[in-house]
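Residue-level structural notes
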Amino acid sequence: MERIREFVSDFGLPRIIIALFLVLLFVAAPFVGVSVASSLSNTIARFGMNGIMVLAMVPMIHSGCGLNFGLPLGVIAGLLGATISIEMGLVGAAGFAAAAALALAFAALLGYGYGKLLNRVKGDEMMIATYVGFSSITLMSIGWIVLPYQSPTMVWGFEGEGLRTTISVEAFWDKILNDFLAVRIGERFVFPTGMILAFCGAALAVWFFLHLKSGSAMTAAGSNPAYARASGIDVDRMRTGSVVFSTMLGALGIVVYQQSFGFIQLYEGPFSMTFPSVAAILIGGASVTKASIANVFLGTFLFQGILTMTPSVINSVLKTDLSEVIRIIVSNGMILYALTRKTKVAK
Amino acid sequence: MKSKLRLLLIDNAVVLLFVAIIAVAIPISAMPLKYLAQEILTRLGRNAFLVLALLLPVMAGMGLNFGMVLGAMAGQIGLILVTDWNVVGISGVMLAAIISTPVALGLGWVCGQVLNRAKGREMVTGYILGFFMNGIYQLLVLYAMGMLIPIATPGILLSRGYGIRNMVDLIGVRQSLDKLLVVTVAGLKLPVATYLVIAAMCAFIVWFRGTKLGQDMRAVGQDRAVATASGIPVERTRIMAIMISTLLACYGQIIFLQNLGTLNTYNSHEQTGMFSIAALLIGGASVSRASIPNVIAGVVLFHLMFVVSPIAGKNLIGSAQLGEFFRQFISYGIIAVSLVLFSWKRKADVAASREALRGGSAPASGPSKGGRA
């Protein structure tokens, strides 16, 4: 009994409820005529699509910058990379590689400036990051209209001005990772091997980095800045590094997302990326100050699982579309829980 | 003397910047001044009350109350019910206020409890709480209303039989407060009754600052540790500040919507928080300091920009869409910049007071968290 109670308090009640809820959804699915195979397939696809963006939370949490509400900056870098790659007319693997490379380059630049800014506002990062993210989205909206793009797939036809709100990547690099070595089992289940491999690769890179010398220094800078400074670590440099790393992961993440989704969403698109990613890592067991790769995997799977399963299962049971409301309550409730939780002293 | 002038300039940098932007934008937009003046007078009545609701939490050191959207939701629930019961005119507005009062107080209490568990990050927590409650609000309005809560008017229900429509026409209460007493000066219509309500609110805030509770709030805002030591119930005081703020936001939203005349059921409240906060900051307030003049100046400047920028953008670059994005960029950007500036200033103050403790040459100003509300 004691051990159960300890497990509950360690793992967090909301997390357990969400996990049980997801299991319940999968169990209930066949009874309401929802195919488990296709649900699982969808869940895995979404897991791969969103994973790297959730991973982008990890470096910043480690260095003590809190939850990365500034994810839109990375997303914008990714959008720039993707649109420029299409503008250059590159198709297939070359196009995707160019998009990713350009995205990473832009992200490094933006992340550097953003990191410098966050160093000067220690303690207030999260709120400022939110609004820096929002204002850069609207600034870029002006950019999408003004920037001199030419490609006919992207620019509005006759009367319009600037880029379209959604751009199809079908003729360029649609599902290029998803289809790489994809395994099809039965009629309804597809395992997007390439995309999952990309996610695992990125996760491995983060894991290695965190266990290298500079990674440990970064974690030290986050958990105890005064101690880190005393042991000769340049705290500000570590924080900037983590922000650049996070932003680059965000940029890569959105490019992977786009190739699976099939569309690039400009203008207000990036608004909807941040909260799901923040919520996912928190559901996985991370807190405002602590996060691991395992949190990312577990959290992304649970959160995306619920997003996939609620529309189909709940709607067939209740005959009404509650999924949007459940999404809002679960994701924001999770963030709220993390923000108000008293951090437990390590045992 | 010179440094004093510099300080004055720095303190009012945001206001001056906006005056400059607007001074350039008005001629470009080529809008008639009389139209602008009427627009601003209307919008002052519509929005000032909402912005006033932000003052108390700032005084209590809780920053900008992003949780004010909770109050706005409460007000909307009241208006939906009043519309359903077909209570019209000023009595409809009053009844809506009465129904939503307990809802707003309850939500304010919840908000205060949550913020007490997140001291030091009240703003981001309040912001997320707003989103969370939006989910609960949708559950109530989109599903429970018409299913569990009886709604008699089919016109405001979705065609499926439950859930409120996206747009509710508030025809019964439309502008009933504004039109109660209209005075025309030089061809401009002034909604005097609304102005009187706002003035009464200002008077209340001035009076409240002098009461025991008001003084306690200022003490809590300046230093929680000192306030605790002098026997002020800090947590309770903070909850009171948020409850009053939520209640005022609720009344503010009712005033706002009776002027507009249509309720955008699922969006009206979402923008309330951001627009009110942006307006307050543009008026020269900061996270730790906000006054009634800031509110008035902010509403006037923010809404001048609001009215002028799309047209100015269109005339300047030939794209109204661009002006719209520019307006959004300014709203978000101004909040970001204010938060950054405040954070820098606080750090500089802490450094200066530390220097002073060491016996350095810096003036012993101490952390300036003055609660001039």
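This text follows the structure it describes.
Figured I'd write up the structure that's included with this text. Source: prediction; values computed, not measured. Every chain begins its residue count from 1, and numbering advances along the sequence as written. Chain labels run from A onward and ligand labels from 1 onward, assigned in the order the entries are written. Totals for whole chains, interfaces and linings use every residue, but because this is a predicted model, local features are given only for residues with pLDDT of at least 70 and side-chain atom pairs only at 80 or more, for both listing and counting.

Looking only at helices and strands, chain A has 14 helices and four strands in total. Projected onto its principal axes, the C-alpha positions of chain A cover 65 × 55 × 35 Å. For chain A, with 347 residues in total, the buried portion stands at 52%. Taking all contacts inside chain A whose residues are at least 6 apart in sequence as the whole, residues at least 24 apart take part in 75%. Elements are defined by DSSP. Helices are runs of H or I of four residues or more, strands are runs of E of two residues or more, and each kind is numbered from the N terminus. Residues with at least 20 neighbouring C-beta atoms inside 10 Å of their own are called buried, those with 12 or fewer are called exposed, and the rest are partly exposed, where every C-beta is derived from the backbone. A pair of residues counts as a contact when their C-beta atoms, built from backbone coordinates, are within 7 Å of each other.

Moving on, we come to the overall build of chain B. Tallying secondary structure elements over chain B gives 14 helices and four strands in all. Atoms counted for the radius of gyration: C-alpha only. Globule rule: 2.2 Å times residue count to the power 0.38. A globule of 373 residues ought to have a C-alpha radius of gyration of about 21 Å, and chain B, at 22 Å, matches this closely. Buried residues in chain B amount to 48% of all 373 residues. Pairs at least 24 residues apart make up 71% of the contacts formed inside chain B by residues separated by at least 6 positions.

Turning to the environment of A:Ser277, a few remarks are in order. Residue and element names in this part refer to chain A. One can find Ser-277 in helix α12 (residues 274-283). Once the C-alpha coordinates of Ser-277 and Val-23 are considered, the two residues, 254 residues apart in sequence, prove to be 21 Å apart. Not counting chain neighbours up to four residues away, the residues in contact with Ser-277 comprise Asn-50, Met-53, Val-54, Ala-56, Met-57 and Leu-71.

Here we come to the nonpolar core. Nonpolar side chains in soluble globular proteins tend to end up buried together. Ranked by internal contacts, the top residues of the largest apolar core, which has 218 residues, are A:Leu55, A:Met57, A:Ala103, A:Ala251, A:Leu252, B:Leu52 and B:Leu54. Of all the elements, helix α11 (residues 234-260) of chain B adds the most residues to this core, at 15 residues. If near-sequence neighbours (up to four positions away) are discounted, A:Ala251 is found in contact with A:Gly74, A:Ala77, A:Gly78, A:Gly81, A:Ala103, A:Leu104, A:Phe106 and A:Ala107. Think of a nonpolar core as buried Ala, Val, Leu, Ile, Met, Phe, Trp, Tyr and Cys residues, each tied to the set through C-beta atoms within 7 Å. Counting residues in hydrophobic clusters, the runner-up holds seven residues, among them A:Ala217, A:Met218, A:Ala221 and A:Val235.

Another aspect to go through is the interface of chain B and chain A. At the junction of the two partners, chain B supplies 33 residues and chain A supplies 27 residues. Within the residue set of the side of chain B that touches chain A, elements represented by two or more residues are α7 (122-144) and α14 (320-357) of chain B. In terms of residue class, the side of chain B that touches chain A is made up of 22 nonpolar, nine polar and two charged. The classification used treats Ala, Val, Leu, Ile, Met, Phe, Trp, Tyr, Cys and Pro as nonpolar, Asp, Glu, Lys and Arg as charged, and all other residues, Gly among them, as polar.

These results come straight from atomic positions and should not be treated as a statement about function.
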